[in-house]
Amino acid sequence: MSKINWLPVALLATCAGLAGAQDPGIRLPDIGSSAGELAMPREMQEYGASMLHEMRAMNYILDDPLLNDYLDGLGHRLVAQSDRPDLSFTFFIVRDNDINAFAAPGGYIGANAGLITAMNREDEFAAVVAHEIAHVTQQHLLRAYEDMKKSSIPITLAMLGLMIAGAGRGDDTAPAALMSGTALMQQRQINFTRKDEIEADRIGIQTLARADFDPVAMADTFATLGRTMRVNGIDVPEFLRTHPVDTNRIADAKARAAQMTTCGYVNGVLDRCVGESSGGGKPQGAALPAAPVKNPFALPAPSVASTAPGAISANLSRLDRSGSRDTFLLMRERVRVLTARSPAAMVGYYADTLKADPAFDTPSNRYGYGLALTRARQLDRAVEELTRLAERHPGQATFQLALAAAEDHAGRHAEAERRYSDLHEDFPGNRAISLAYADSLLSRGQPKSARDAQNLLRPLLDSYSDDPDLQTSFARASELAGDKVRAAEAYAEAAWLKGRAEDALNQLKALTKQDDLDYYQRARVEARITAMTPLVLELRRRGTKPGDPQQGSLTEPALSVSRPEQPLSSRRNSFPLQ
């Protein structure tokens, strides 16, 4: 082996390590811990929002009002029972069939589509969400960054000393020191991650129990992933690579769950409360609080938490267990269909399995079959399938909504409009119904229908201002109704939420040049320009080109997300599926 002068390499590595450890861009506000000195809560929120916008621009996010309302309700039910119910959280689904979930700065929690479809029951999915919530409430993201900064300096200095000592020797002492030092830093990060994972398990199990989920589900989730791994021939699912698991961790999760179990479960369904061996729960022998009678397939209504971020709904922990569980099964099949590469293949999957396996003939799988037929444009069959399902379960809004969409796309506009109108009357203000109804009205292309769509959507803008589909639909409605100013504002807001920050800013600047803006319109537009400008300037400073969200990201270090195998068009240009 030829001799290499390792001293310059060592000095370069040391300087790089020290520069990273003393990042001049880090400010030191006090939010309650040393970890909190690394970033302000507002900064963390901005980083998370920027990440979500960029992921939307790259078509990574599955934006669907039914799924969003379900996930938001489930997530905030858990947040309400966490150690930090005052924190802001945003939940979203990633268009990725890998089994994974993650927590990002600012309380942004993403669940991959593959994770949802791999879960057998809602408690298992809730366990993963509770685990990620714990990462946020315990500040693991900031603490990991802090630990990396602290450990890199002494390890790098020790590595440098070893390499200097071996610089004049002809053996491999210097490169070995470099390799050992790098490995030690990586091991410290792994060890710290494992410690965080165990803590997130412990806190997550506690949150599950408080929210009346099965606390044993945390350990059951790992078993489910193991079975999925063996059936699909996968060596290690992505979730287990980012959340390392061993038998000791699973055993520990089961032991902790047994210590704090407050209620009895039969086949994963809450049966009755039987007492608790650790503090903080219900008294021994307490009966389960009476839950309101609820249609098990009723459309999830917007939660208080979703309409007023940060608010806690008193009934989030008192949902009907059977209804919530069955709603999860419906949403699981919805995710499966919406993320499928081939709608025709999904039709074959449901049709073949329904014939081969009588146990597969459940309302949730029939619902998935109807959605798949709609998305594959086999509309007459879709209407037939969903009509039978709706007749078997009268009054269940999720099935009625799917049937209305199938009828609308099949050209049965009168039937669809009557169904949408009835649903809107029964569930006023529901985002999924209002959006579907409005899109149906907009497809007529008439000013009167557009004004009706405006009236449907306008009340939702305050509660769901961060919904790009809502902004786009409202923009189209305003445009067709002749309200050009509101249309331009809404189009700009949709561009902003989809990661096209510079495009959004340019649209608003062009709007200010119009002479027909009144005082209030101009003030509203200029205020939005003022809010957008700092981010756009920062993106320009980092070298981002308009329409290229992958360059100059504000969320560095970048979150690694697998690109979807087959890009899907935007909601406005795709075949709608309700």
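This is a predicted model, so every value here is computed, not measured.

**Focus on the overall build of the protein chain**
- What the protein chain contains, in helices and strands, is 23 helices and 5 strands.
- Counting the 578 residues in the protein chain, one finds 51% classified as buried.
- Pairs at least 24 residues apart make up 64% of the contacts formed inside the protein chain by residues separated by at least 6 positions.
- Accessible surface, the protein chain: about 26,300 Å² in total, of which carbon and sulfur atoms supply 53%.

**Structural notes on the pairing of strand 1 (residues 90-94)**
- With 5 of its 5 residues buried, strand 1 lies for the most part within the structure.
- Neither face of strand 1 is left uncovered, since the one carrying Thr 90, Phe 92 and Val 94 and the one carrying Phe 91 and Ile 93 both have all their residues buried.
- Inspection of the sheet shows strand 1 paired to strand 3 (residues 108-112) by 5 bridges, in the parallel sense. What sits directly across from Thr 90, in strand 3, is Tyr 108.

**What to know about the packing of aromatic side chains**
- Under the counting rule described, the total for this entry stands at 11 aromatic pairs.
- Arranged with centres 5.8 Å apart and planes meeting at 80 degrees, the rings of Tyr 349 and Phe 360 form a pair that is edge-to-face. You can see Tyr 349 sitting in helix 13 (residues 343-356) and its partner Phe 360 sitting in the loop between helix 13 and helix 14 (363-375), a full 11 residues away along the chain.
- Taking relative accessible area as the criterion, Phe 360 reaches 11% and is therefore assigned buried.
- For the ring pair Tyr 350 and Phe 360, a centre distance of 6.2 Å and an interplane angle of 35 degrees mean the geometry is tilted. Residue Tyr 350 is located in helix 13, and its partner Phe 360 is located in the loop between helix 13 and helix 14; the two are separated by 10 residues in the primary sequence.
- Aromatic rings pair up to connect Tyr 349, Tyr 350, Phe 360 and Tyr 369 into one cluster.

**Side note on helix 14**
- When the terminal C-alpha atoms of helix 14 are compared, their 18 Å separation across 13 residues agrees well with the 18 Å that a helix rising 1.5 Å per residue should span.
- Judged by how many residues are buried, helix 14 sits mostly within the fold: 12 of 13 residues are covered.
- Among the residues making up helix 14, those that are buried are Ser 364, Asn 365, Arg 366, Tyr 367, Gly 368, Tyr 369, Gly 370, Leu 371, Ala 372, Leu 373, Thr 374 and Arg 375.
- With its phi angle positive at about 65 degrees, Arg 377 sits one or two positions after the end of helix 14.

**What to know about the pairing of strand 3**
- A large share of strand 3 lies buried, amounting to 5 of its 5 residues.
- Here strand 2 (residues 101-104) runs beside strand 3; their pairing, made up of 4 bridges, is antiparallel. Residue Phe 102 lies in a different strand from strand 3, and its bridge partner there is Gly 110.
- The turn joining strand 2 and strand 3, which pair antiparallel and follow one another in sequence, is formed by 3 residues; a positive phi near 80 degrees is taken by Gly 106.

**Focus on the environment of Tyr 367**
- Position of Tyr 367 among the secondary structure elements: in helix 14.
- Separated by 31 residues in the primary sequence, Tyr 367 and Thr 398 place their C-alpha atoms 9.0 Å from one another.
- The residues contacting Tyr 367, other than those within four sequence positions of it, are Leu 66, Leu 330, Arg 334, Leu 389, Thr 398, Phe 399 and Ala 402.

**Quick word on the pattern of salt bridges**
- Throughout the structure, instances matching the rule amount to 28 salt bridges.
- Ionic pairing is found between Arg 334 and Asp 64, a salt bridge with its closest N-O pair at 2.9 Å. Placement of Arg 334 in helix 12 (residues 321-338) and of Asp 64 in the loop between helix 2 (41-57) and helix 3 (65-79) is noted, with a sequence separation of 270 residues between them. Each member of the pair, Arg 334 together with Asp 64, is buried.
- The network of salt bridges with shared partners includes Arg 121, Asp 123, Glu 124, Asp 214 and Asp 220.

**Topic: the nonpolar core**
- Counting residues in each nonpolar core, the largest one holds 95 residues, and the members touching the most others are Leu 78 and Phe 125.
- Contact partners of Leu 78, with chain neighbours within four places excluded, come to Ala 126, Val 129, Ala 130, Ile 133, Thr 207, Leu 208, Ala 211 and Phe 213.
- If you look at the next biggest cluster of nonpolar residues, it comprises 16 residues, including Ala 495, Ala 504, Leu 505 and Leu 539.

**Examining the packing of helix 19 (residues 447-457) against helix 20 (residues 468-481)**
- The geometry of helix 19 relative to helix 20 is characterised by a closest axis approach of 8 Å and an angle of 145 degrees between their N-to-C directions. Classified by chirality, the crossing of helix 20 by helix 19 is left-handed. Across the interface between the two elements, Pro 447, Ala 450, Arg 451, Ala 453, Gln 454 and Leu 457 of helix 19 pack against Leu 470, Ser 473, Phe 474, Ala 477, Ser 478, Leu 480 and Ala 481 of helix 20.
- Residue composition of the contact of helix 19 with helix 20, grouped by class: 9 nonpolar, 3 polar and 1 charged.

**What to know about the sheet that holds strand 1**
- One open sheet holds the 3 strands; their spatial order is 1-3-2, and the pairing between them is mixed. Of all the strands in the sheet, just strand 1 and strand 2 have a single pairing partner and so form its edges. Each strand axis lies, on average, 20 degrees off the axis of its neighbour in the sheet, ignoring direction.
- This element, helix 5 (residues 122-137), spans strand 1, strand 2 and strand 3 of the sheet and lies at about 25 degrees to strand 2.

**Remarks on helix 21 (residues 484-497)**
- The terminal C-alpha atoms of helix 21, which comprises 14 residues, lie 20 Å apart, in line with the 20 Å expected from a rise of 1.5 Å per residue.
- Within helix 21 the residues assigned to the buried category are Val 485, Ala 487, Glu 489, Ala 490, Ala 492, Glu 493, Ala 494, Ala 495, Trp 496 and Leu 497.
- For helix 21, the secondary structure elements touched by its buried residues are helix 2, helix 20, helix 22 (501-512) and helix 23 (519-541).

**A few points about the confidence of the model for the protein chain**
- Within the protein chain, residue pLDDT values average 74, and 62% of them lie at 70 or more.
- A low-confidence stretch, residues 184-192 (pLDDT under 50), is modelled with 12 contacts involving residues beyond four sequence positions or located in other chains.
- Considering only residues more than four positions removed or in separate chains, one finds that residues 549-577, a stretch of pLDDT under 50, has 72 contacts.

**A short note on the packing of helix 16 (residues 397-409) against helix 17 (residues 413-426)**
- In the contact formed by helix 16 and helix 17, the axes pass within 8 Å of each other and the chain directions differ by 155 degrees. Judged by the inter-axis angle, helix 16 sits roughly antiparallel to helix 17. Between helix 16 and helix 17 lies a crossing whose hand is left-handed. Contacts between helix 16 and helix 17 involve Ala 397, Gln 400, Leu 401, Leu 403, Ala 404, Ala 405, Glu 407 and Asp 408 on the former and, on the latter, His 413, Glu 415, Ala 416, Arg 419, Tyr 420 and Leu 423.
- Taken together, the residues of the contact of helix 16 with helix 17 break down into 8 nonpolar, 2 polar and 4 charged.

Here is what the cut-offs are and how they apply
Residues numbered from 1 in each chain as written. Predicted model: local features only at pLDDT ≥ 70, side-chain atom pairs only at ≥ 80, totals over all residues. Heavy atoms only, no water. Helix = DSSP H or I, 4+ residues; strand = E, 2+ residues; numbered from the N terminus. Buried < 20%, exposed > 50% of the residue type's maximum accessible area, 1.4 Å probe, protein only. Contact = heavy atoms within 4.5 Å. Areas by Shrake-Rupley, 256 points an atom, 1.4 Å probe, with all protein chains shown as cover. Pairing = 2+ DSSP bridges. Phe/Tyr/Trp six-rings, centres within 6.5 Å; stacked < 30°, edge-to-face > 60°. Expected span 1.5 Å × (residues − 1). Salt bridge = Lys/Arg side-chain N within 4 Å of Asp/Glu carboxyl O. Core = buried A, V, L, I, M, F, W, Y, C linked by side-chain atoms within 4.5 Å. Axes fitted to C-alpha atoms, helices over the stretch in contact; angles between N-to-C directions. Left-handed = near helix turned anticlockwise from the far one by under 90°. Nonpolar A, V, L, I, M, F, W, Y, C, P; charged D, E, K, R; others polar. pLDDT = per-residue confidence, 0-100. Parallel < 35°, antiparallel > 145°, perpendicular 65-115°, else oblique.

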